[in-house]
Each structure stands twice: as C-alpha cells, then as structure tokens.
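Here is what each chain is made of, one letter per residue.
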Amino acid sequence: MKKYSFVFLIVLLFASVFTGSAWAKSNENHAAELILTNGNVYTVDKAHSKAEAVAVKDGKILYVGSVAGAAAFKGVDTKEIDLKGKMVLPGFIDSHAHAYLMAESLFWLDVTNLSTLEEYAQAIKDYVKEHPESKQLRGVGWKRELIETSGLGPKEWLDQIVPNIPVVFISSSHHDLWVNSKALENAKINKLTPDPQGGIIERDPKTGDPTGILQEFSAHNLVINALPQPDFTVQEYKETILAWQAFAAENGVTSVFVPVHYPTENLLKAFEEMDKESKLTLRYDLGLWADETKGTKQIGRLKELRDQYQGNLYKVDSIKIFADGVGDNELVWDQDVLEETIAALDKEGFRIYVHAIGIQGFYPSANVLDAFEYAVKVNGKRDSRHAITHIDWVREEDVSRFKELGVIPVPQPAWFGNDWYEGIRGEELKNLNRLNSYFEAAIPVASSSDFPSTAQFLSDFRPFTGLEVGVTRLDRDKTTEADLNQVVWPKEKASLDEMIASYTINGAHLIFAENVRGSIEVGKKADLVVLDKNLKEIPVTKINETKVLLTLFEGKEVFRSSLFSESVADR
C-alpha cells in the first residue's frame, strides 16, 4: 500500500509541474504588453463607465476595469505604469485640421508673428538673400490691415522689395492671397481677366487693374498653378507629416480628418510612402478638394485618386467643398451645380464635407442641407455621414434637418467665446455658434480646430481650449467666476461630457471608426492619453491649462512629457 502511495505522489508531483508550466505558458500568451494601473479612466463608452486600469496587447485594449482584474493579465514581460490617480481618456480626434499646411511654416517665409511692414520688409530681404537661386518666394501669415495702411497698393509694396520673381503670400485664414506684379504677369492676370466662379480678383476702383489681392481658392489657383515650382516636394511633405505627428501627439491627438485645399498629388504620395514605411503614428482621413468651377466633370479624377491612395493608416474617401468664403454673403457655387455635384459624389459613395460659415442674415448651411436633401431624393438615403463644418450661422429650423438627413456638424468650439457677439443681440443670437442645440437633438457633434487657420492656432489646436470654451462660451482668457456670469448666450453651452464625446467617440463616428476607436473598450485600438489634471474635478475655467503626460497610438508610446516621470512610476 505504501509502495503504491509513493508512486501516486511521484505521478501527482510530475503532473503538477507539467500543468503548472502549461498554465504559466498559457498565461504568458494572454499577458498584456502594458498595463496602466491606479488611474482614473474615463471610458466614453455608452454607459459612461469609469475604471481604474487598462491592459494593452498587440495595439488593442485587452482589459478595462479594476486594478485587481488587470493583475490577471500581468506576465513576466508586462510593463506596468502606476498612474497614481491620473486621468485617462481616449485619444483625441480632431475632425478638421489641415495637417499638411505645417509645411508652409517649415519651408516658406512665415510672417505670422510679425506686426509691422518694416518687419515684413526685412524678413523678405533676408529670405531672398538666403535663397538667391529661388525662382519664386512663397510666404504665409500676412495681415491685410498692415497693407491697407501702407499708402501703396498691395502689389506695389511688394514690387519695391522683390520685382523680379513671383511673390505669393497666403493669409493665416488661407482665404486671401497677396501677390506682386510678377506673379500676376506670370499668371497672365490683368484688368480684362474675369473673376473665376467663387473667387475675386480685387481691382483698383479707378483703373480696374488688379491690386495684388485675390480672394478664395478658385482665384488663388490662377496664380498658384502658373508658378514655376510646385508647392512642396514629396520629401518636404514627409518631413511635414513627421513634424505634425510630434505636434499632434504632444496634444493628445491620435486621429485627424484632413481637408486638402489644393489638388496636389505630392501630398498623397507622401502619405502612401510613409504608410508603407510604417512611419505614420496617427490615423488620417483625407478629404480631396472639389473645384467649384468644374462641377461634376472632376468626379472621374477624384475616383481615380480615391482608388489609388488607400493605406493602412490613411484613406481618401471624402470630398471637401466650399459653400462660401469668409465673411461673404453669397454662395461660391451656383445652387443647381452644387446640388448636382453633391448628388453625383454621393452616388459614387463619397462622404461630402462642406465649409459653410455664413454671416448675419445669410445661412449657407441651409443651401448645403438642400443639396444633401436633393442627393437623398435622387440616390436614396444611406449611412453617408456627410458633414458641414464651421456652421457659425445656422437657423433654428435647420437643426432638425441635420438630424433627419444624418448630417454631422463639425464646429471649432475654441472660437465660440463672447468676442463673436459684439453688436449682435435679440433673436439673431440664437442662430450664432450653436452647440447645445445639436446635443439636445442627439446629433453627434464632432469638434475640431481648423489648424492652422487662426493667428492663435497653437492654442486653438489644443483640444483643451475647445473643451473649455465649449463649456463656458467664454474667450480663452476669461477665467474667473465673474466672467461666467457675463456669457452672452448661455443656452448654447455644452456639458463637459458632451464636449469630451465630441473630441473622441463622435469624431470616430464621423470617420466610420467608432467600432475601433473613440472610446476605451475591450477590442478597440489602444489610442489613449494620460492627463495631468482630472477634467471632472477642476473648475471649468481651468480646463485649458491641462497638459498631456502620455499619448499612446495603437499601444505605442508616441509622446511622453518630461513631467510624467516625476508624477508616476514605471514598474
């Protein structure tokens, strides 16, 4: 009996060792690569769940829940970060940012931060001296009000400094172009040249000669397409994308919708190459520009570009249309051409993304909604997720049409402070900078920055600026309790939960990615940001002071603040 008991014990021991080893091996196969623990995790799921820990493996979220629950996914090689109570959010999604335009400040003469004509003149002279072989001079960031006080016409002022090569400056808003006589001559623009559809060649009221300022993109392209050199090379765009990615990661942005203003294939080639080289560290959704002078004739080419340029981390399936300019009171397109073009693009499966700002008494968003309604009538309704961006002026009766047509509003909340409301009172107030109206109607607002289209683009790009102003309706420098009592139109304030959703899950919805991004849920991509403040526990007027400590894109660290190592411990 003792003999059999001894043999049984030996067998049991070997069985225990074998099964223990197998369990350990199985556990390692299911072990997380990274665990964020002891955090305040705001998941942005449908239940607005909160958690303490997130486990990540193979670029996806493996577990969301308690610290104890996450421990089951810890293996020998798992990296664990103790957040010590720091807030975790899904990576931010900017639903309107011209990432590629960072190339202008990298490779052109950037005068954005200059404030006098004397500074302009010196900067231009220095640039020409440093680039003696250049066949053209391109610049960005000029201020119209400076030129208007010069005593000279815009082109004459530039001619004094650079008369022999084309000089072309674009404004910070990107809707006005300032050029010299050589640029006009090169493009064969004179007093007899008609204004293109949707554009304006400004003219001297006495002589009819072009002044050197052109408004809107169809007019810009008359000059730009005639320049001796392209905007940027493929290599310059690749360098730009790398710089943009670092900038975006520092601000917690992990996905972006990029409307492209000019028909440049070099940009698409840059994305194609970087995607193949595994150098993209954001998810990019690109929107090609539809020229208002070409209507439906351009759709074949747009389809060719869509078919040719589709990658792992970028895609081209949207079209950007300008319904109006900036401060204009008329449509860029003829309404019938707009409707036919939108219907034709919709039929081909494109998502259509329309710029419509408006001014008091002029509501281009209504015209765009009419065009979307026409597309439904012609093609039938589908899950198109068409969008209208800017939407500064929207009539009350049109809010329900957004909902009925499935059109997504894409505002820039950072611009919605009190400074908009000077001189506007009474009934018109309710039509300006709507936000809460959309949320009340259960419309998935997708917030954005429109980088770099304002002089304060560095601040406006930060999602925290939009989050704060969306909640307070105050300018970013208004930060006291007294200021909160001075809001002109408080009805359109959104809640913090709504604003967070607009920069995360709603942005994912806009780009058809809500099943894989936009919230912290098991199986989704591990796009995560760690913040130095808990947004739910600080005064709303302090949200803009928040900093990103850590940004993960698909589980990989793409930004770590120098403050992070001081506030948390890696184990």
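Keep in mind it's a predicted model, so treat the numbers as computed, not measured.

Rules used throughout
Residues numbered from 1 in each chain as written. Predicted model: local features only at pLDDT ≥ 70, side-chain atom pairs only at ≥ 80, totals over all residues. Heavy atoms only, no water. Helix = DSSP H or I, 4+ residues; strand = E, 2+ residues; numbered from the N terminus. Polar contact = N/O pair within 3.5 Å; in protein donor to acceptor, adjacent residues only side chain to side chain. Contact = heavy atoms within 4.5 Å. Buried < 20%, exposed > 50% of the residue type's maximum accessible area, 1.4 Å probe, protein only. Arc of directions from axis to C-beta. Pairing = 2+ DSSP bridges. pLDDT = per-residue confidence, 0-100. Axes fitted to C-alpha atoms, helices over the stretch in contact; angles between N-to-C directions. Parallel < 35°, antiparallel > 145°, perpendicular 65-115°, else oblique. Left-handed = near helix turned anticlockwise from the far one by under 90°. Nonpolar A, V, L, I, M, F, W, Y, C, P; charged D, E, K, R; others polar. Salt bridge = Lys/Arg side-chain N within 4 Å of Asp/Glu carboxyl O. Expected span 1.5 Å × (residues − 1). Phe/Tyr/Trp six-rings, centres within 6.5 Å; stacked < 30°, edge-to-face > 60°.

Enquirer: Lay out the side chain of Arg385 with the relevant residues and their values.
Expert: Tracing the chain through its elements places Arg385 in the loop between α13 (364-379) and β19 (387-390). Polar contacts involving the side chain of Arg385 include one to the side chain of Asp383, which spans 3.0 Å. Among all residues touching Arg385, those that are not within four sequence positions of it are Arg351, Gly406, Ile408, His509, Leu510, Phe512 and Glu514.

Enquirer: Requested: an account of helix α14 (residues 396-405), with residues and values cited.
Expert: Three or more residues of α14 are buried, namely Asp398, Val399, Arg401, Phe402 and Leu405. Looking down the long axis of α14, one finds its buried residues gathered within 165° of arc, a one-sided arrangement. As for α14, its buried residues are in contact with α13, β19, β20 (408-410) and α15 (436-440). Once α14 finishes, Gly406 follows within two positions and takes phi at roughly 70°, a positive value.

Enquirer: Kindly report on the pairing of strand β5 (residues 60-65), identifying the contributing residues and their values.
Expert: Pairing of strand β4 (residues 53-57) with β5 involves five bridges; the strand directions are antiparallel. Within β5, the position partnered with Val54 by the bridge is Val64. Hairpin connection of β4 to β5: two residues between the antiparallel strands, including Asp58 at a positive phi of 55°.

Enquirer: Report on the confidence of the model for the protein chain, specifying residues and quantitative values.
Expert: Looking at the protein chain as a whole, its pLDDT mean stands at 90, while 92% of the residues score no less than 70. Across residues 6-26, where pLDDT falls below 50, the model places zero contacts with residues more than four positions away in sequence or in other chains.

Enquirer: Break down unusual backbone geometry for me, citing the residues and quoting the values.
Expert: Following Phe451, the chain continues into Pro452 via a peptide bond in cis, with omega recorded as -5°. Structurally, Pro452 is set in the loop between α15 and α16 (457-461). Although it is not a glycine, Glu216 sits at a positive phi angle of roughly 75°. As for its position among the elements, Glu216 is in the loop between β14 (210-215) and α8 (217-224). One non-glycine residue, Ile391, adopts positive backbone phi at about 40°. Summarising the element assignment, Ile391 is placed in the loop between β19 and α14. Here Ile391 falls in the buried class, since its relative accessible area comes to 1%.

Enquirer: Could you give an account of the packing of helix α9 (residues 234-250) against helix α10 (residues 265-276), with specific residues and numbers?
Expert: Relative to each other, α9 and α10 sit at 60°, their axes nearing to 8 Å. Taken together, the axes of α9 and α10 are oblique relative to one another. The interaxial crossing formed by α9 with α10 has right-handed handedness. Across the interface between the two elements, Val234, Tyr237, Lys238, Ile241 and Leu242 of α9 pack against Asn266, Leu267, Lys269, Ala270, Phe271, Glu273 and Met274 of α10. Of the residues contributing to the contact of α9 with α10, the split by class is eight nonpolar, one polar and three charged.

Enquirer: Tell me about the pattern of salt bridges, and please be specific about residues and values.
Expert: In this structure the tally under the stated criterion is 37 salt bridges. Linking Lys491 and Glu440 is a salt bridge whose minimum nitrogen-to-oxygen distance equals 3.9 Å. Of this pair, Lys491 sits in the loop between α18 (481-484) and α19 (496-502) while Glu440 sits in helix α15, and the two are 51 residues apart along the sequence. We classify Lys491 as partly exposed; its relative accessible area is 42%. What emerges from the salt-bridge pattern is a single network uniting Asp370, Glu373, Arg395, Glu397, Asp398 and Arg401.

Enquirer: Give me the lowdown on helix α12 (residues 335-347), citing residues and values where you can.
Expert: Taking 1.5 Å of rise per residue, 13 residues should cover 18 Å, and α12 covers 18 Å from first to last C-alpha, within 8% of that figure. Among the residues of α12, Leu338, Glu339, Thr341, Ile342, Ala343, Leu345 and Asp346 are the ones counted as buried. Check the buried side of α12 and you find it contacts α11 (299-308), β17 (314-322), β18 (351-356) and α13. Phi for Gly349, located one or two positions after α12, is positive at around 85°.

Enquirer: Explain the packing of aromatic side chains to me, and be specific about the residues and the numbers.
Expert: The final tally for this structure, using the stated rule, is 22 aromatic pairs. With a centroid separation of 6.5 Å and 85° between ring planes, the pair formed by Phe92 and Tyr503 is classed as edge-to-face. With Phe92 in strand β8 (residues 92-94) and Tyr503 in the loop between α19 and α20 (505-510), this pair connects stretches of sequence that are 411 residues apart. In this structure Tyr503 comes out as buried when scored by relative accessible area, which is 4%. Note on Phe107 and Phe232: the rings are 6.3 Å apart at their centroids and 55° apart in plane angle, and the pair reads as tilted. Here Phe107, found in helix α3 (residues 102-107), pairs with Phe232, found in the loop between α8 and α9; they are 125 residues apart in sequence, far enough to count as distant. Given a relative accessible area of 4%, Phe232 falls into the buried group.

Enquirer: Tell me about the sheet that holds β20, and please be specific about residues and values.
Expert: Pairing is parallel in the open sheet, where seven strands are placed in the order β8-β15-β16-β17-β18-β19-β20. Bordering the open sheet on either side are β8 and β20, each of which pairs with just one other strand. Direction aside, neighbouring strands of the sheet carry axes that sit 25° apart on average. The sheet contact formed by β18 and β19 spans four bridges and is parallel. When the sheet's bridge partners are listed, Val354 is paired in β19 with Ile388.

Enquirer: Residues and numbers for the sheet that holds strand β10 (residues 137-142), please.
Expert: With respect to topology, six strands assemble into an open sheet ordered β9-β10-β11-β12-β14-β13, the strand pairing being mixed. The strands lining the two open edges of the sheet, one partner per strand, are β9 (109-110) and β13 (200-203). Note: strand β12 (residues 176-179) against β14, three bridges, orientation antiparallel. Residue Trp178 lies in a different strand from β14, and its bridge partner there is Ile213. Its contacts with the sheet place α8 against β10, β11 (167-171), β12, β13 and β14, and it is angled at close to 125° to β14.

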